[in-house]
Amino acid sequence: MLDDVYQEVEHKMERSIEALRRDLSRIRTGRASLALLDGIKADYYGTVTPLDQMATLAVPDSRLITIQPWDKTQLGTIEKAIQSSDLGLTPTNDGTLIRLTIPALTAERRKELVKQVKKIGEESKIALRNVRRDGNETLKSFEKDKLVSEDDMRRGQEQVQKITDRFIADVNDILQTKEHEVMEV
């Protein structure tokens, strides 16, 4: 019964870590990455479609992303979708290929991005604490319903805290790595 609570807490915390990694992958580091285009969708014959389902995406070098649509008539649609996104990148269309040049980040922009990384990290830590709270409430309800003793409930809460500490340490490591990537020139 207690093991079920621990497994559920770990599972939810792992999902929070996955969400953190996904959110951080969308932050520009001055290097080209296809993860920048993950959230961008374009109108493809009346259907809103992710770019990777309507074009070949590639990173030929560290500062360039190329997008080659399978249907050349969609170049303008893809270009508009990129311009209307919050990437802050200007696509270059040569008639067969769209090029996205990733400009070098200024020191000021790097500091802004680090603040954004820290904010996302703090939101992730809050999510982990909420999972801890839910786990502890479950343990308290078990004790209230006389399913476990008070000592078992306390040991359970200590175990949930250990799990939380481990995941918060993971978040700190991930954030430190991302901050280093952002500040790297």
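Coordinates for the structure precede this section.
What counts as what
- Residues numbered from 1 in each chain as written.
- Predicted model: local features only at pLDDT ≥ 70, side-chain atom pairs only at ≥ 80, totals over all residues.
- Heavy atoms only, no water.
- Buried < 20%, exposed > 50% of the residue type's maximum accessible area, 1.4 Å probe, protein only.
- Helix = DSSP H or I, 4+ residues; strand = E, 2+ residues; numbered from the N terminus.
- Pairing = 2+ DSSP bridges.
- Contact = heavy atoms within 4.5 Å.
- Core = buried A, V, L, I, M, F, W, Y, C linked by side-chain atoms within 4.5 Å.

Novice: Can you break down the pairing of strand 6 (residues 98-101) residue by residue, with the values?
Specialist: Burial along strand 6 is one-sided: the face carrying Ile 98 and Leu 100 is buried and the face carrying Arg 99 and Thr 101 is not. Note: strand 4 (residues 64-69) against strand 6, four bridges, orientation antiparallel. Bridge pairing in strand 6 links Thr 66 to Arg 99. Two strands pair when backbone bridges link them, and strand 5 (residues 91-93) and strand 6 are joined in this way by three bridges, in the antiparallel orientation. By the bridge assignment, Pro 91 is partnered in strand 6 with Leu 100. Counting the residues between successive antiparallel strands, the hairpin from strand 5 to strand 6 contains four residues, one of them, Gly 95, with a positive phi of roughly 100°.

Novice: Report on the environment of Arg 31, specifying residues and quantitative values.
Specialist: One can find Arg 31 in the loop between helix 1 (2-25) and strand 1 (41-44). Beyond its immediate chain neighbours, meaning those up to four positions away, Arg 31 contacts Leu 36, Ser 62, Arg 63, Ile 102 and Glu 184.

Novice: Hey, could you go over the nonpolar core for me, with residue numbers and the actual values?
Specialist: By size, the foremost hydrophobic cluster in this structure holds 28 residues, and its most contacted members are Val 9, Met 13, Leu 20 and Leu 24. Secondary structure elements with two or more residues in this core: helix 1, helix 3 (107-144) and helix 4 (150-183). Tallying contributions element by element places helix 4 first for this core, with nine residues. The contacts of Leu 20, once residues within four sequence positions are left out, are Ile 120, Gly 121, Ser 124, Val 171, Ile 174 and Leu 175. Judged by nonpolar contacts, the second largest core, of 19 residues, contains Ala 32, Leu 36, Leu 75 and Ile 102.

None of the figures reported here should be taken as evidence of function without further support.
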